[in-house]
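Structural overview
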Amino acid sequence: MIHNLICFLGVDHKVGTTMISQSTAELISFHYPNLKILFIATNERESTEYIREAPISIDAMKFHIDNKMIVGADFLKTCTHKGDFYMMSGISNELEARYYYPDTVRYFLEEIAPEFDIILADCGSELDSGVAIGALSTSEDIFLVSTQQESAIKRFEKNKALMDELGIKIETCIINKYYEHDPYGLNYLVNRLKIEKENIWKVASSEYYRQAEIYYKTLLEYKNEVYIQDISQVANDILHNKGFPLINRQRKSRWKNFI
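The following paragraphs examine the structure supplied in this document. (Residues numbered from 1 in each chain as written. Predicted model: local features only at pLDDT ≥ 70, side-chain atom pairs only at ≥ 80, totals over all residues. Heavy atoms only, no water.)

What about the sheet that holds strand β6 (residues 139-146)?
Adjacent strands of a sheet form backbone hydrogen bonds with each other and so pair up, either parallel or antiparallel. Pairing is mixed across the open sheet formed by eight strands, whose spatial order is β3-β4-β2-β5-β1-β6-β7-β8. For this open sheet the edge positions go to β3 (80-82) and β8 (200-204), each flanked by a neighbour on one side alone. Taking the axes of each pair of neighbouring strands and ignoring which way they run, one obtains an average angle of 20° across the sheet. Relative to β8, strand β7 (residues 172-178) runs parallel, the two sharing four bridges. Along β8, the bridge assignment pairs Tyr 178 with Ala 204. Packing against the sheet, helix α4 (residues 102-112) makes contact with β1 (2-10), β2 (37-41) and β4 (85-88), and its axis sits at approximately 130° to β1. Set on the sheet, helix α9 (residues 225-241) makes contact with β1, β5 (118-122), β6, β7 and β8; between it and β8 the angle comes to about 150°. (Pairing = 2+ DSSP bridges. Helix = DSSP H or I, 4+ residues; strand = E, 2+ residues; numbered from the N terminus. Axes fitted to C-alpha atoms, helices over the stretch in contact; angles between N-to-C directions. Contact = heavy atoms within 4.5 Å.)

And the structure:
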């Protein structure tokens, strides 16, 4: 298992997995610029909806991955970065996704992991993706990302047996676009998801999702303190588990984009 790899798995498309995982990576790097952070898309899409200049794609490394020629120090030189915040997008040519196999992706992540303090992986929502399974099967920490929609929760329930079969252990969940007065409240979600209440994080709904996609930016840039505080809780859960200092949630974040 890769101790510093954290995976984000959506229960369905459009639950906000990319937004949540990228926001968390950016916030950690913003507060701790000396930590080497990698944000990588390990799914069958580029997942660059919220990045102004698309980073180098995993496609560029495929020959080296397939032939087990990955060298961590060389990866740092290849990977797009600003300071110690590194990014790699997912598969550019989606038709080639079927040629990425779990074993080779695991090898790739194991080789580059020692170069970073924390790796955050956007694993999308498809359980038949070789690149996603490669990441999920070697991560100690998986955040399930859901919403309060019945369709999303039902899909999780349908796929739970397959997750168990694949060895994907879900203990923590992020309820994105959370609305306090929704009929699917926290206690109801605990019963449906079978996840302990203290392991469910809420991220408030935001009216700026469409603008964020249009202007290639995360919701952090809209200076919504509720959203920033919610993402801080997710980030602090990761930092605590990995032995790093927590982000001070009492201090308002003066967010300035750096990617």
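Re the pattern of salt bridges
Scanning all chains against the criterion turns up 14 salt bridges. A salt bridge links Arg 45 to Glu 49, with the shortest nitrogen-to-oxygen separation between them at 3.7 Å. In this structure, the salt-bridge partner of Lys 242 is Asp 141, at a minimum N-O distance of 2.5 Å. A residue pair is termed long-range when its members are at least 10 positions apart, and Lys 242 in the segment after α9 and Asp 141 in strand β6 qualify at 101 residues. Of the two residues, Lys 242 and Asp 141, both sit in the buried class. What you see here is one network of salt bridges that share partners, running through Glu 150, Lys 154, Glu 157 and Arg 192. (Salt bridge = Lys/Arg side-chain N within 4 Å of Asp/Glu carboxyl O. Buried < 20%, exposed > 50% of the residue type's maximum accessible area, 1.4 Å probe, protein only.)

As for the pairing of β8
Along β8, four of the five residues are buried, which leaves the element largely enclosed by surrounding structure. What joins β7 to β8 is helix α7 (residues 186-193), and the crossover it makes is right-handed. (Right-handed = clockwise from strand over helix to strand, strands pointing away.)

Looking at α9
Taking 1.5 Å of rise per residue, 17 residues should cover 24 Å, and α9 covers 24 Å from first to last C-alpha, within 8% of that figure. Counting buried residues in α9 gives twelve out of 17 residues, a clear majority hidden from the surface. For α9, the full list of buried residues reads Tyr 227, Ile 228, Gln 229, Asp 230, Ile 231, Ser 232, Val 234, Ala 235, Asn 236, Asp 237, Ile 238 and Leu 239. On the buried face of α9, the contacting elements are β1, α1 (17-31), β5, β6, β7 and β8. Of the residues that open α9, the one with a side-chain oxygen 2.9 Å from the backbone nitrogen of Val 226 is Asn 224. Immediately downstream of α9, the backbone of Gly 243 shows phi near 80°, a positive value. (Expected span 1.5 Å × (residues − 1). Polar contact = N/O pair within 3.5 Å; in protein donor to acceptor, adjacent residues only side chain to side chain.)

Considering unusual backbone geometry
In this structure, Ser 47 takes a positive phi of about 55° despite not being glycine. For Ser 47, the position within the fold is in the loop between β2 and α2 (62-66). Positioned with a positive phi, Lys 68 is a non-glycine residue whose angle comes to about 50°. Summarising the element assignment, Lys 68 is placed in the loop between α2 and α3 (72-78).

Brief notes about the environment of Ala 121
For Ala 121, the position within the fold is in strand β5. Judged by its relative accessible area of 0%, Ala 121 falls in the buried class. The spacing of Ala 121 and Leu 246 is 125 residues in sequence and 20 Å in space, taken between C-alpha atoms. Beyond its immediate sequence surroundings of up to four residues, Ala 121 is in contact with Leu 5, Ile 6, Cys 7, Phe 8, Ile 40 and Thr 42.

Overview of the layout of surface pockets
Here the largest pocket defines a volume of roughly 460 Å³. Sorting the residues of the lining of the largest pocket by element identifies α1 and α8 (209-214) as the ones contributing at least two each. Approximately 290 Å³ is the volume found for the second largest pocket. Taken together, 21 residues line the second largest pocket, and the ones lying closest to its centre are Glu 140, Asp 141, Ile 142, Glu 171 and Thr 172. When residues of the lining of the second largest pocket are traced back to their parent elements, those giving at least two are β6 and α9. Examining the composition of the lining of the second largest pocket, we find that five residues originate from one element, β6, more than from any other. Here the lining of the second largest pocket is composed, by residue class, of eight nonpolar, six polar and seven charged. (1 Å grid on protein atoms, 1.4 Å probe; cavity = no way out; pocket = protein on both sides within 12 Å on 5 of 7 lines; lining within 4 Å. Points joined across faces, edges and corners; volume = space filled by probe spheres on them. Nonpolar A, V, L, I, M, F, W, Y, C, P; charged D, E, K, R; others polar.)

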